[in-house]
Amino acid sequence: MNFTDAEVSGLAAAVAAHRGQPFDSHARAALVKVLSVMDTRTRENATALNGRVWIDHTDTPGDARTRHAIEQALHTQRVLVVDYRDRHGTPTTRQLDPVLLARTQGHWYLVGHCHTRQAIRWLRLDRISAARLTTQPATRIPIEAVGTPPTTAEAIADL
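The text that follows walks through the structure, step by step, so that each part is easy to find. Every value quoted in this text rests on a predicted model; they were computed, and no experiment measured them.

1. With respect to helix H2 (residues 24–36)
Thinking step 1. End to end, H2 covers 19 Å across 13 residues, agreeing with the expected 18 Å (1.5 Å per residue, within 8%).
Thinking step 2. Within the sequence span of H2, burial applies to Asp 24, Leu 31 and Val 34. Down the axis of H2, the buried side of the element spans an arc of 85°, and every buried residue falls inside it. Exposed positions of H2 whose direction lies more than 90 degrees from the buried face are Val 32, Lys 33 and Ser 36.
Thinking step 3. Contacts made by the buried residues of H2 are with helix H1 (5–17) and helix H4 (64–76).

2. What to know about the pattern of salt bridges
Thinking step 1. In the structure shown here, the tally under the stated rule is four salt bridges.
Thinking step 2. One salt bridge connects Arg 65 with Asp 63, and the closest N-O pair in it is separated by 4.0 Å.
Thinking step 3. Under the relative-accessibility criterion, Asp 63 is labelled partly exposed at 37%.
Thinking step 4. For Arg 124, the salt bridge is made with Asp 126, and the minimal N-O distance between the two is 2.7 Å.
Thinking step 5. When its relative accessible area of 17% is taken as the criterion, Arg 124 is described as buried.
Thinking step 6. Looking at Asp 126, the relative accessible area reads 45%, which means it is partly exposed.

3. Notes on the environment of Leu 74
Thinking step 1. Looking at where Leu 74 falls in the secondary structure, it is placed in helix H4.
Thinking step 2. Sequence separation between Leu 74 and Leu 101 is 27 residues, and the spatial gap between their C-alpha atoms is 8.3 Å.
Thinking step 3. Leu 74 has contacts with Phe 23, Pro 98, Val 99, Leu 100 and Leu 101, leaving out every residue within four places of it along the chain.

4. A word on the packing of H1 against helix H3 (residues 40–50)
Thinking step 1. Closest axis-to-axis distance for the H1/H3 pair is 8 Å, and the angle between their directions is 45°. Between H1 and H3, the interaxial angle falls into the category oblique. Judged by the sense of rotation from one axis to the other, the crossing of H1 with H3 is right-handed. Every residue of H3 that contacts H1 at Asp 5, Ala 6, Val 8, Ser 9 and Ala 12 is listed here: Thr 42, Asn 45, Ala 46, Leu 49 and Asn 50.
Thinking step 2. Its residues assigned to classes, the contact of H1 with H3 shows five nonpolar, four polar and one charged.

5. Points about the side chain of Gln 77
Thinking step 1. For Gln 77, the location among the structural elements is in the loop between H4 and strand E1 (78–85).
Thinking step 2. With relative accessibility at 12%, the residue Gln 77 sits in the buried group.
Thinking step 3. Aside from chain neighbours lying at most four places away, what touches Gln 77 is Gln 72, Pro 98, Pro 137, Ala 138, Thr 139 and Arg 140.

6. Here's the deal with the packing of aromatic side chains
Thinking step 1. Going through the model one piece at a time under the given rule, you end up with one aromatic pair.
Thinking step 2. An angle of 70° between the planes, with centres 5.6 Å apart, marks the rings of Tyr 109 and Trp 122 as edge-to-face. With Tyr 109 in strand E3 (residues 107–114) and Trp 122 in strand E4 (residues 119–124), the pair connects residues that are 13 residues apart, well separated along the chain.
Thinking step 3. Relative accessible area serves as the criterion here: at 14%, Tyr 109 is assigned to the buried category.

7. Considering the sheet that holds strand E2 (residues 91–104)
Thinking step 1. The strand order E4-E3-E2-E1-E5 describes an open sheet built from five strands, whose pairing is antiparallel. Strands at the two margins of the open sheet, each flanked by one partner only, are E4 and strand E5 (128–137). Shown here is a sheet whose adjacent strand axes are inclined to one another by a mean of 45°, direction ignored.
Thinking step 2. The sheet contact formed by E3 and E4 spans six bridges and is antiparallel.

Rules of the game
- Residues numbered from 1 in each chain as written.
- Predicted model: local features only at pLDDT ≥ 70, side-chain atom pairs only at ≥ 80, totals over all residues.
- Heavy atoms only, no water.
- Helix = DSSP H or I, 4+ residues; strand = E, 2+ residues; numbered from the N terminus.
- Expected span 1.5 Å × (residues − 1).
- Buried < 20%, exposed > 50% of the residue type's maximum accessible area, 1.4 Å probe, protein only.
- Arc of directions from axis to C-beta.
- Contact = heavy atoms within 4.5 Å.
- Salt bridge = Lys/Arg side-chain N within 4 Å of Asp/Glu carboxyl O.
- Axes fitted to C-alpha atoms, helices over the stretch in contact; angles between N-to-C directions.
- Parallel < 35°, antiparallel > 145°, perpendicular 65-115°, else oblique.
- Left-handed = near helix turned anticlockwise from the far one by under 90°.
- Nonpolar A, V, L, I, M, F, W, Y, C, P; charged D, E, K, R; others polar.
- Phe/Tyr/Trp six-rings, centres within 6.5 Å; stacked < 30°, edge-to-face > 60°.
- Pairing = 2+ DSSP bridges.

As structure tokens, then:
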């Protein structure tokens, strides 16, 4: 597999900008693997170019354990229990069948079927204070049950 120094810098910038977001640790691990198989000269050029790209991390990343539990629930399709604070600050504990992660209007959301409400709910990740993965298999909810994404959205599978 051959990457140019600019392609690797593009990946590095995307990974750096994604710090603290879903699948962050996986993206960083993949970047390390890419760098490890590059020829020395291209890797050095990429590293030099990377030194000329700055990312300002003003957002406080969420708790890594919570993020990991959410990622695992989505990946393994298991029920997730979350401690959540709604827009009014009211705390609740919910069981969810995870459907998808979405980033829209400047926020990440966990979209899932809430066992309490018996409906699809969009939970902002920055309002989830804790998440626990259960051993219970989640009901597989079709993505279409969430609705139609905005015309400006695309699945990362479509990139």
